[in-house]
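# Secondary and tertiary structure notes
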Number of protein chains: 2
Amino acid sequence: MDSLTAITIEEQFQKGKWLFYKDQMADNIYLVKKGAVELLIKVQDTIEIPIAIMRPDNGCVGIGALVEPFRYTLSARCTDDSTLLAMKREDLQALMRKDHELGCIIMKNLAQKLLVRLTETRKEMKIHFLNLVRSATF
Amino acid sequence: MDSLTAITIEEQFQKGKWLFYKDQMADNIYLVKKGAVELLIKVQDTIEIPIAIMRPDNGCVGIGALVEPFRYTLSARCTDDSTLLAMKREDLQALMRKDHELGCIIMKNLAQKLLVRLTETRKEMKIHFLNLVRSATF
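This part takes up helix α2 (residues 89-98) of chain B. Residues and elements named next belong to chain B. Residues of α2 that are buried: Arg89, Leu92, Leu95 and Met96. Down the axis of α2, the smallest arc covering the buried residues is 130°, so these residues share one side. Away from the buried face of α2 by more than 90 degrees, exposed residues Glu90, Arg97 and Lys98 are located.

Okay, structure coming up:
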């Protein structure tokens, strides 16, 4: 934990500030210390599909920074004035190369979070699918 | 790779054979050597939502075995007579505890696969969402 703290920078962001946009190079990963960050997909400039809101208790923002090809898979915007703990991808990669055990723990946690998100997204898909079947049947 | 090969058992499965069902304890992870395995979600006994078909070139089946709480998140059925390379969860976990560097590589690959699947599932969600918006507008 000490080695993670050493590469962490605390940053303040105002409500409404975009942290990053989908498909940009993922140079940073963030933990929410205070406030809230919304993850979303923008479609056709005007439509926003909300995916999740990240708060101090539920994990990190910008996990694309941990996985090749290192691009953000969603866009992120602060929905409150927020205090975030930022880690540079390069620093984190260097740390994980040096300490394989820590690297293993981080990637294990990441895989777990991704599987939870995937399962949730599939549940939503299932609801859409069933609605389609129902509307085709009745 | 040698240490992975040592814990791998080659098994034959007939077309139509269920490997496992969603929510069962994930005791094994499989690589497809020959044939094909269909991943799906069963709904209300009669409806099947197809998720993916895994073949020799595109990865592994049963990744729930690598992530807590170690349950399968989908059901899997052979769509052809298939040869699979099976690894027991316990053997793989023991190997990863002994060799953190290998563990790190496996979890990194897993996270990458999960992120790809998540991004694909979100793309489908986006299409459903846009269809909904369109049908509400016109």
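Residues and elements named next belong to chain B. Strand order in the open sheet made by the four strands is β2-β7-β4-β5, with antiparallel pairing throughout. A strand with exactly one partner marks an edge of an open sheet, and here the two such strands are β2 (18-20) and β5 (47-54). Mean inter-strand twist for the sheet, computed between neighbouring axes without regard to direction, equals 35°. Bridge count between strand β4 (residues 37-43) and strand β7 (residues 75-78): four bridges; the pairing is antiparallel. Opposite Leu40, over in β7, you have Ser75 as the bridge partner.

The subject of this paragraph is the side chain of B:Arg122. Residue position: B:Arg122 is located in helix α3 (residues 100-137). A:Glu120 is the oppositely charged side chain nearest to the buried, salt-bridge-free B:Arg122, at an N-O distance of 7.8 Å. Sequence-distant contacts of B:Arg122, that is, excluding residues within four places in its chain, are made with A:Ile41, A:Ile51, A:Thr73, A:Leu74, A:Arg117 and A:Thr121.

Ranked by size, the top nonpolar core spans 82 residues in total, and within it A:Leu19, A:Val61, B:Leu19 and B:Val61 carry the most contacts. If near-sequence neighbours (up to four positions away) are discounted, A:Val61 is found in contact with A:Leu19, A:Phe20, A:Ile29, A:Tyr30, A:Val32, A:Val37, A:Leu39, A:Met54 and A:Ala76.

Moving on: the pattern of salt bridges. Residue and element names in this part refer to chain A. Across all of its chains, the model carries ten salt bridges over all chains by this definition. With a closest N to O distance of 3.0 Å, Arg89 and Asp27 form a salt bridge. You can see Arg89 sitting in helix α2 (residues 89-98) and its partner Asp27 sitting in the loop between β2 (18-20) and β3 (28-34), a full 62 residues away along the chain. Residue classification places Asp27 among the partly exposed positions, given a relative accessible area of 39%. Taken together, the shared-partner salt bridges connect Glu38, Glu48 and Arg77 into one network.

Mapping chain A onto chain B leaves a residual RMSD of 0.0 Å; the transformation is a rotation of 180° accompanied by 0.0 Å of translation along its axis. Between the two chains, the operation in question is that of a two-fold axis. When the interface residues of chain A are mapped onto chain B, 100% of them are again interface residues, pointing to one common binding face.

Before going further, it helps to spend a moment on unusual backbone geometry. All names here are of chain A. The step from Glu68 to Pro69 runs through a cis peptide bond, and the omega angle for that step is 5°. Relative to the elements of secondary structure, Pro69 occurs in the loop between β6 (60-61) and β7 (75-78). In this model, Phe70 sits at a positive phi of 55°, which is unusual for a non-glycine residue. Within the secondary structure, Phe70 sits in the loop between β6 and β7. By relative accessible area, which is 17% here, Phe70 ends up buried.

Next up on the list: the environment of B:Lys15. Residue and element names in this part refer to chain B. Looking at the secondary structure, you find Lys15 in the loop between β1 (8-13) and β2. What makes Lys15 exposed here is its relative accessible area of 60%. Setting aside residues no more than four positions away along its own chain, Lys15 makes contact with Cys78, Thr79, Asp80 and Asp81.

Listed as interface residues are 37 residues of chain A and, on the opposing side, 37 residues of chain B. Regarding the contact of chain A and chain B, the summed buried area is about 3700 Å², with carbon and sulfur atoms giving 79% of it. When residues of chain A are sorted by the area they lose upon contact with chain B, A:Leu115, A:Arg122 and A:Met125 head the list and together hold 17% of the total. If you look at where chain A meets chain B, you find zero residue pairs in polar contact (both at pLDDT 80 or more). Put simply, the parts of the chain that give the side of chain A that touches chain B at least two residues each are β4 (37-43), β5 (47-54) and α3 (100-137) of chain A. Among the elements that line the side of chain A that touches chain B, the one with the most residues is α3(A), at 25 residues. A class-by-class count of the residues in the side of chain A that touches chain B yields 19 nonpolar, nine polar and nine charged.

What counts and what doesn't
Residues numbered from 1 in each chain as written. Chains lettered and ligands numbered in written order. Predicted model: local features only at pLDDT ≥ 70, side-chain atom pairs only at ≥ 80, totals over all residues. Heavy atoms only, no water. Buried < 20%, exposed > 50% of the residue type's maximum accessible area, 1.4 Å probe, protein only. Helix = DSSP H or I, 4+ residues; strand = E, 2+ residues; numbered from the N terminus. Arc of directions from axis to C-beta. Pairing = 2+ DSSP bridges. Axes fitted to C-alpha atoms, helices over the stretch in contact; angles between N-to-C directions. Lys, Arg positive; Asp, Glu negative; His and termini not counted. Salt bridge = Lys/Arg side-chain N within 4 Å of Asp/Glu carboxyl O. Contact = heavy atoms within 4.5 Å. Core = buried A, V, L, I, M, F, W, Y, C linked by side-chain atoms within 4.5 Å. Least-squares fit on C-alpha atoms with pLDDT ≥ 70 in both. Buried area = accessible area lost by both parts, 1.4 Å probe. Polar contact = N/O pair within 3.5 Å; in protein donor to acceptor, adjacent residues only side chain to side chain. Nonpolar A, V, L, I, M, F, W, Y, C, P; charged D, E, K, R; others polar.

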